[in-house]
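# Residue-level structural notes
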Amino acid sequence: MSGLSLVNVCKTYKNGQNAVKDFNLEIKDREFLILVGPSGCGKSTTLRMIAGLEEISSGELWIDGCLMNMTSPQSRDLSMVFQSYALYPHFTVYQNMAFGLKVHKVPREEIDRRVREAAEILHISHLLDRKPYALSGGQKQRVAIGSVIVRQPKAYLMDEPLSNLDAKLRTQMRVELSKLHKELGATIIYVTHDQVEAMTLGTRIVVMNQGEIQQAASPADIYQNPVNKFVAGFIGSPSMNFIPVWVERKEERICLEFNNQRLFVNHICASKLLEGGYLGKRVCLGIRPEDFHEAGKKEQTLILQVDIKEVLGSEILLHGLIGRAEVCARLMPGIKTEAGESLPVSVDMDRIKLFDMDTDRNILYI
Ligand SMILES: Nc1ncnc2c1ncn2[C@@H]1O[C@H](COP(=O)(O)OP(=O)(O)O)[C@@H](O)[C@H]1O
Ligand SMILES: [Mg+2]
């Protein structure tokens with residue numbers, strides 16, 4: 001496939017629901033593209049419009065240089081894996097995987113070759129003679145994916161294919177899907193509401209909210225350089241902490257103040273804040289949980305009043321208050337502080353984010 005692009009695509013359902021608004025995106029060959037966002041933000045609608053299962057209200061869908069708006073789903077040469085996968089109960093795994101090809105009148109030897117190849121990739125060769133009732137959830141899901149792989153479409157469309165699996169199986173399948181993407185060299189468009197799946201699987205992530213693209217970028221970019229407060233808060237777990245602060249000038253330097261606590265910002269932040277006319281105004285400070293540290297002697301510190309201490313083995317999560325702001329800090333194990341005590345913490349000031357109070361725009365976005 002040379003590419004798939006959506007130009008000004010909109011979807012308004014018959015009941016007037018504006019599910020997708022002015023969606024513009026170019027998807028390159030071999031991308032593992034993730035559509036992520038909260039429930040109801042328009043991910044499935046977008047995917048179903050690409051698949052041809054839902055009419056495009058306005059805008060254009062191009063695949064390999066051809067306008068596809070009016071093309072039937074069968075002629076788009078795309079394959080879709082759904083959240084709830086249906087296998088034919090009276091067919092064996094082999095027959096389930098072969099079914100789509102048989103319908104398309106692919107020669108028997110070719111079907112056999114493709115089914116065995118896909119089974120190999122998915123590690124289900126030993127299950128080919130079994131019926132679905134004798135498979136575990138993860139095995140069934142692999143068969144479902146297998147029946148899509150054998151088709152060798154231009155692109156695979158997947159709508160939350162792992163959401164019915166338990167946590168351990170999901171992690172396993174995530175790794176398998178990554179491998180699969182590499183081995184097949186295929187273009188995959190993958191919908192999920194799970195930001196961990198998005199971060200680990202995607203070569204590029206499109207974050208959506210209320211029918212609109214918020215940001216489309218690599219996982220690292222989305223994490224380090226979110227375009228606004230929504231993206232910053234949606235990606236990352238536990239979520240970024242948000243604290244409303246005043247921008248002040250003290251001792252000839254620019255600082256952020258709140259509830260008798262003060263943080264001096266670095267040069268880049270200072271000049272962005274001054275350029276933007278934020279001096280004397282309020283902004284929203286964003287700190288990721290891992291950007292808190294146990295304060296060293298020379299560092300500027302905040303006092304964290306610890307309410308809950310969660311010991312997770314490789315890390316410790318402290319939930320509590322800094323001033324009146326509720327925060328979560330992720331610290332190295334070995335912290336002696338207990339719930340009810342207070343801990344001086346420092347903040348990695350080179351990694352903080354600052355958001356405009358009115359527009360939620362990231363003031364430091366580059
Ligand atoms: N067939 C439909 N008719 C009317 N509204 C719909 C239909 N399908 C989805 N919607 C609405 O469109 C919005 C987007 O839905 P959807 O694309 O399923 O979101 P997501 O997959 O991100 O959870 C939601 O508000 C949903 O209620
Ligand atoms: Mg959905």
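Only a predicted model underlies this, so the values are computations on that prediction, with no experimental measurement involved. (Residues numbered from 1 in each chain as written. Chains lettered and ligands numbered in written order. Predicted model: local features only at pLDDT ≥ 70, side-chain atom pairs only at ≥ 80, totals over all residues. Heavy atoms only, no water.)

### Description of the overall build of the protein chain
Quick reminder of the rule: Numbering of helices and strands runs from the N terminus; a helix is a DSSP stretch of H or I covering at least four residues, while a strand is a stretch of E covering at least two. A simple rule labels every residue: compare its accessible area, found with a 1.4 Å probe on the protein chains alone, to the largest value its type can have, and call it buried under 20%, exposed over 50%, or partly exposed in between. Contacts are assigned to residue pairs that have any heavy atoms within 4.5 Å of one another. Here the accessible surface of atoms and residues is derived via Shrake-Rupley with a 1.4 Å probe, and residues count as covered only by protein chains that are part of the display. In summary, the charge assignment counts Lys and Arg as positive and Asp and Glu as negative, without counting His or the chain termini. By convention, the charge on Lys lies at NZ, on Arg at CZ, on Asp at CG and on Glu at CD.
For the protein chain, the helix and strand inventory stands at nine helices and 20 strands. By the burial criterion, 48% of the 366 residues in the protein chain qualify as buried. Intrachain contacts of the protein chain at a sequence separation of at least 6 include 65% that bridge at least 24 residues. Accessible surface for the protein chain amounts to roughly 18100 Å². Of this, 49% is attributable to carbon and sulfur atoms. In the protein chain, which carries 44 positive and 44 negative side-chain charges, the distance between the mean positions of the two groups comes to 3 Å.

### Some points on the domain arrangement of the protein chain
Formally: These domain limits were set by an automatic method or by a database of domain assignments. As a working definition, buried area equals the accessible area (1.4 Å probe) given up by two parts on being put together, with both sides summed. Here, a salt bridge means any side-chain nitrogen of Lys or Arg that lies within 4 Å of a carboxyl oxygen of Asp or Glu. Whenever two N or O atoms come within 3.5 Å, that pair is a polar contact, provided that in protein one can donate a hydrogen and the other can accept it, and provided that, for residues adjacent in sequence, both atoms are side-chain atoms.
Segmentation of the protein chain into domains returns domain 1 (3-234) and domain 2 (241-356). For domain 1 and domain 2, the distance between their C-alpha centres works out to 39 Å. Contacts between the two partners involve seven residues from domain 1, matched on the other side by six residues from domain 2. Across the domain 1/domain 2 interface, buried area totals approximately 660 Å², and carbon plus sulfur atoms make up 60% of it. By the criterion of area lost to domain 2, the three top residues of domain 1 are Tyr223, Lys229 and Ala232, representing 72% of everything that side buries. Linking domain 1 with domain 2 are zero salt bridges. At the surface where domain 1 touches domain 2, the tally comes to three residue pairs in polar contact (both at pLDDT 80 or more).

### Brief notes about helix H1 (residues 43-51)
In terms of burial, H1 is largely enclosed, as seven of its nine residues are buried. If you check which residues of H1 are buried, you get Lys43, Thr45, Thr46, Leu47, Met49, Ile50 and Ala51. Glycine 52 sits one or two residues past H1 and shows a positive phi near 95°.

### Looking at the nonpolar core
Going by this rule: Here, the term nonpolar core denotes a set of buried Ala, Val, Leu, Ile, Met, Phe, Trp, Tyr and Cys residues that are joined through side-chain atoms within 4.5 Å.
Membership of the largest hydrophobic core comes to 46 residues, with the highest contact counts inside it found for Ile34, Val36, Met97, Val115, Ile145, Leu177 and Tyr190. Other than its neighbours up to four places away in sequence, valine 115 contacts Tyr94, Met97, Ala98, Leu128 and Val150. In terms of nonpolar packing, the next biggest core, distinct from the first, is built from 35 residues, Val283, Ile287, Leu304 and Ile322 among them.

### Considerations on helix H5 (residues 167-184)
Keep this limit in mind: Every helix has an expected span of 1.5 Å times one less than the residues it contains.
Helix length check: H5, at 18 residues, gives a terminal C-alpha distance of 25 Å against a target of 26 Å (1.5 Å per residue), a fit within 8%. Among the residues of H5, those classed as buried are Met173, Arg174, Glu176, Leu177, Ser178, Leu180 and His181. On its buried face, H5 sits against strand S3 (32-36), helix H3 (108-121), helix H4 (137-149), strand S7 (155-159), strand S8 (187-192) and helix H6 (195-201). Looking one or two residues past H5, glycine 185 carries a phi angle of roughly 60°, positive in sign.

### As for the packing of aromatic side chains
Where we set the bar: Pairing of aromatic rings covers Phe, Tyr and the six-membered ring of Trp, with a centre-to-centre limit of 6.5 Å; geometry is then stacked below 30 degrees between planes, edge-to-face above 60, and tilted otherwise.
Scanning all chains against the criterion turns up six aromatic pairs. Pairing tyrosine 88 with phenylalanine 99 gives two aromatic rings, centres 4.9 Å apart and planes at 55°, and the pair type is tilted. Of this pair, tyrosine 88 sits in the loop between strand S6 (78-81) and helix H2 (93-103) while phenylalanine 99 sits in helix H2; the two residues are eleven residues apart in sequence, bridging distant segments of the chain. Classification of tyrosine 88 as partly exposed rests on a relative accessible area of 36%. Classification of phenylalanine 99 by relative accessible area gives partly exposed; the value is 30%. Residues phenylalanine 91 and phenylalanine 99 carry aromatic rings whose centres are separated by 5.8 Å and whose planes lie at 50° to one another, so their mutual orientation is tilted. Members of the aromatic cluster, joined through ring pairs, are Tyr88, Phe91 and Phe99.

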